[in-house]
Amino acid sequence: MIVAEAKPISEILTMVKGLKKVLVLGCKGCVTVCNVGGAKEAGILASSIRIAGRKEGIMVDVGEHTLERQCDPEYIEEVKDIVPSYDAVVSIACGVGPQFLSERYPGAKVFPGVNTKFMGGAVAHGIWSERCAGCGTCVIHYFGGMCPIARCSKSLMNGPCGGSSHGKCEISKDVDCIWDMIVRKAMDQGRLNDLLEFRPPKSWTTARDGGPRRMIREELVK
Amino acid sequence: MNQTRAVKTDSKLEKILAAGHLAVTSECGPPRGSDSDLIKKKAELIKNHVDAINITDNQTSVTRLCSLASCIHLKLMGLEPVLQMVVRDRNRIAIQSDVLGAASFDIRNMLCLSGDHQRFGDSSQGQNVFDLDSMQLIQTVRRMRDEGKFLGGDEIKRPPKLFVGAAANPFADPFEIRVRRLAKKAAAGAEFIQTQCIYNLDRFEEWMKQVRDRGLHEKVYILAGLTPLKSAGMAKYMKNRVPGMDVPDDVVKRMSGVPKEKQPEEGIKICVESVQRLKELEGVAGFHIMAIEWEEKVPEIVEMGGLYPRPNPDAI
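A. View of the overall build of chain A. Helix and strand content of chain A: 7 helices and 9 strands. For 222 residues, the compact-globule estimate of 2.2 N^0.38 gives 17 Å, and chain A exceeds it by more than 25% at 22 Å. Its C-alpha atoms put chain A at 65 × 45 × 25 Å along the principal axes. Here chain A holds 222 residues, and the buried ones make up 42% of them. Taking all contacts inside chain A whose residues are at least 6 apart in sequence as the whole, residues at least 24 apart take part in 59%. On chain A, roughly 12200 Å² of surface is accessible, and the fraction owed to carbon and sulfur atoms is 55%. Each charge class in chain A was averaged separately, 29 positive and 25 negative side chains, and the resulting centres sit 2 Å apart.

Here it is in structure tokens:
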């Protein structure tokens, strides 16, 4: 899933400062799963904005609504009658949501309520970890099913570097060295020599380096 | 001593190694400013005691005068620089362009490195590049030299004639991959290796045995890396804070066991003893002495280690 975290409330309050009517818009997709942008969080953020307004002596009319998904025009359409009545929309979907809203409702002020972090998953309750960098050409089968592009601090294809120490990355003792894990798995499987194979320079044309990306599936285009 | 191997470049370092002499290299960190006198002064201190001088490339990710310009200053002094290049800061366009720039000044040696992550330095908020990794950099430079081709396949007019080196850290984890990774670097085209600083000689000897078992010492020249300790504090810092560094307790104890004013002397002694012990180790082709901001001590280490005078490459 796409993992996000809430923006500091002070940052959101600065965005909506002086506004009388604000719509907090949640999303039932990834951000609900990672407990940051669903209906529950939309309610909490709406309350925070109301309370902050009251402290300043302003009665802010804060609406709450949560869409099935904010990365699909079909669901974005659902709020077409209410968005124009608000001074601004705070979207707590990933970075896709506020952009789809901005495109569909060009007259509306749309603010991001979360910081979109990475593609990953929950490794324990309350702990999420990155797994994919979206490079556009998956190569994890060369590395025991683990991705050094996303998970090595230097994206090394022929690691590990000399900074790997006791299973940890040189940048922090809190960061696992993915190459240590790749090597150990290869050893466990008796395939350490597979890692002797030279991995050539990667083509980054399918990654963000190739420019903004777009995908067309002809058979689905109506 | 190594058997004579074919010489492929005009590198003096390669010539000395190929003739079977124990080579000595050292390194200078460029200044955090534009005063070239600082780099020249450091080089002056060591030039008669080493065969080639590495110039570090924004080491520990702290911004400094660039390696290439510093190498050019050394070249203009008639010295033999080793251009260090990290893949952290350059994509393949910049890398190949800088390689050609170095070759245009007839710089003959290059060390291909990943580079410390930028988190350590003065620009921790910056982006990194890592378009290629150090292994791919080695292969790229060899291809530029031997096939006269850019990575993209186009022909290079007057290809760069660089003697290609790489680093190896016998002390990083996991130990099981370390010699294999050296084999991979040799296969990618590395011709000489400068190792991480050696304090744990037993572990280094174990690594060298594995190197010999694979015959790698006959494929790449291995220069043992040594850094003299200035103080017990430095020994502890290296032990506890520098990832991939192995400073055994007895080394820390030995440094702590002498009064503070005697510690620099003790550090030099340890370094010289290491030279003397490793000189005899089969497969060690020379030494890379990294006296960090202590370049003036390099001549003493080289002399006491029995590595002086240096051979005249022009007479080989």
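More follows now that the structure is in view.
B. Molecular detail of the overall build of chain B. Along chain B, the regular secondary structure elements total 11 helices and 8 strands. For chain B, the residues scored as buried account for 58% of the 316 residues in total. Once local pairs closer than 6 in sequence are excluded, the contacts in chain B between residues at least 24 apart make up 77%. Summed over its atoms, the accessible surface of chain B is roughly 12900 Å², and 48% of this surface lies on carbon and sulfur atoms. For chain B, the centre of its 46 positive side-chain charges and the centre of its 43 negative side-chain charges are spaced 2 Å apart.

C. Up close: the sheet that holds strand β2 (residues 52–55) of chain B. All names here are of chain B. Strand order in the closed barrel formed by 8 strands is β1-β2-β3-β4-β5-β6-β7-β8, and the pairing between neighbours is parallel. The mean inter-strand angle of the sheet, taken between neighbouring strand axes irrespective of direction, is 30°. By the bridge criterion, 3 bridges tie β2 to strand β3 (residues 81–86) in an arrangement that is parallel. The residue bridging Ile53 from the neighbouring strand is Pro81, located in β3.

D. Structural detail: the environment of B:Leu38. Residues and elements named next belong to chain B. Within the secondary structure, Leu38 sits in helix α2 (residues 36–46). Using a relative accessible area of 42% as the deciding quantity, one classes Leu38 as partly exposed. The sequence separation of Leu38 and Cys28 amounts to 10 residues, and the corresponding C-alpha distance is 9.9 Å.

E. View of the pairing of β3(B). Residues and elements named next belong to chain B. Within β3, 6 of the 6 residues are buried, leaving the element largely enclosed by the surrounding structure. In this fold, β2 hands off to helix α3 (residues 67–76), which returns the chain to β3; that crossover is right-handed. Strand direction decides the pairing type here: β3 and strand β4 (residues 109–113), joined by 5 bridges, are parallel. Among the inter-strand pairings, Val82 is bridged to a residue of β4, identified as Asn109. Between the parallel pair β3 and β4, the chain is carried across by helix α4 (residues 92–104), and the sense of this crossover is right-handed.

F. Up close: the packing of helix α9 (residues 249–256) of chain B against helix α10 (residues 263–279) of chain B. Residue and element names in this part refer to chain B. As a packed pair, α9 and α10 sit with axes 9 Å apart at the nearest point and diverge in direction by 140°. Together, Val251, Arg254, Met255 and Ser256 of α9 and Gln263, Glu266, Gly267, Lys269, Ile270 and Glu273 of α10 make up the contact between the two elements. A class-by-class count of the residues in the contact of α9 with α10 yields 3 nonpolar, 3 polar and 4 charged.

G. Fine view of helix α7 (residues 201–213) of chain B. Residue and element names in this part refer to chain B. With 13 residues, α7 extends 18 Å from end C-alpha to end C-alpha; this agrees with the ideal 18 Å at 1.5 Å per step. Contact partners of the buried residues in α7: β5 (163–168), α6 (175–188), β6 (192–197), β7 (221–226), α10 and β8 (284–289). Phi turns positive one or two residues past the end of α7, at Gly215, with a value near 70°.

H. Examining the domain arrangement of chain A more closely. Segmenting chain A into domains produces domain 1 (2–117) and domain 2 (133–209). Computed over C-alpha atoms, the centres of domain 1 of chain A and domain 2 of chain A are 37 Å apart.

I. Summary view of the environment of B:Ala69. Within the secondary structure, B:Ala69 is located in helix α3. A residue is classified by how much of its surface remains accessible, and B:Ala69, at 26% relative accessible area, is partly exposed.

J. Main features of the interface of chain A and chain B. Across the contact, 32 residues belong to chain A and 32 residues belong to chain B. Where chain A abuts chain B, roughly 2700 Å² becomes buried across the two surfaces, and 55% of that area is made up of carbon and sulfur atoms. Counting across the chain A and chain B interface gives 0 salt bridges. Connecting chain A to chain B are 20 residue pairs in polar contact (both at pLDDT 80 or more). Sorting the residues of the side of chain A that touches chain B by element identifies β9 (172–176) and α7 (178–188) of chain A as the ones contributing at least two each. The element that contributes the greatest number of residues to the side of chain A that touches chain B is α7(A), accounting for 4 residues.

K. Examining the sheet that holds strand β2 (residues 21–27) of chain A more closely. Residue and element names in this part refer to chain A. If you walk across this open sheet you meet the 4 strands as β3-β2-β4-β5, and the pairing is parallel. The open sheet has two free edges, formed respectively by β3 (61–67) and β5 (110–112), since each of these has just one partner strand. When strand polarity is set aside, the average angle formed by the axes of neighbouring strands in this sheet is 25°. Bridging between β2 and β3 involves 7 bridges; their strand directions are parallel. Along β3, the bridge assignment pairs Val24 with Glu64. Together, β2, β4 (88–91) and β5 form the strand contacts of helix α1 (residues 9–16), whose direction differs from that of β5 by roughly 170°.

L. Region of interest: the packing of aromatic side chains. Residues and elements named next belong to chain A. Throughout the structure, instances matching the rule amount to 5 aromatic pairs over all chains. Look at Phe143 and Trp179: their rings are 5.6 Å apart centre to centre, the planes differ by 80°, and that puts the pair in the edge-to-face class. On the criterion of sequence distance, the pair formed by Phe143 in the loop between β7 (127–132) and α6 (148–151) and Trp179 in helix α7 is long-range, its members being 36 residues apart. By the burial criterion, Phe143 is buried, and Trp179 matches it. Three or more aromatic residues link up through ring pairs in this structure, and these residues are Tyr142, Phe143 and Trp179.

Rules used throughout
Residues numbered from 1 in each chain as written. Chains lettered and ligands numbered in written order. Predicted model: local features only at pLDDT ≥ 70, side-chain atom pairs only at ≥ 80, totals over all residues. Heavy atoms only, no water. Helix = DSSP H or I, 4+ residues; strand = E, 2+ residues; numbered from the N terminus. Rg over C-alpha atoms; globule rule 2.2 N^0.38 Å. Buried < 20%, exposed > 50% of the residue type's maximum accessible area, 1.4 Å probe, protein only. Contact = heavy atoms within 4.5 Å. Areas by Shrake-Rupley, 256 points an atom, 1.4 Å probe, with all protein chains shown as cover. Lys, Arg positive; Asp, Glu negative; His and termini not counted. Charge placed at Lys NZ, Arg CZ, Asp CG, Glu CD. Pairing = 2+ DSSP bridges. Axes fitted to C-alpha atoms, helices over the stretch in contact; angles between N-to-C directions. Right-handed = clockwise from strand over helix to strand, strands pointing away. Nonpolar A, V, L, I, M, F, W, Y, C, P; charged D, E, K, R; others polar. Expected span 1.5 Å × (residues − 1). Domains from an automatic or database assignment. Buried area = accessible area lost by both parts, 1.4 Å probe. Salt bridge = Lys/Arg side-chain N within 4 Å of Asp/Glu carboxyl O. Polar contact = N/O pair within 3.5 Å; in protein donor to acceptor, adjacent residues only side chain to side chain. Phe/Tyr/Trp six-rings, centres within 6.5 Å; stacked < 30°, edge-to-face > 60°.

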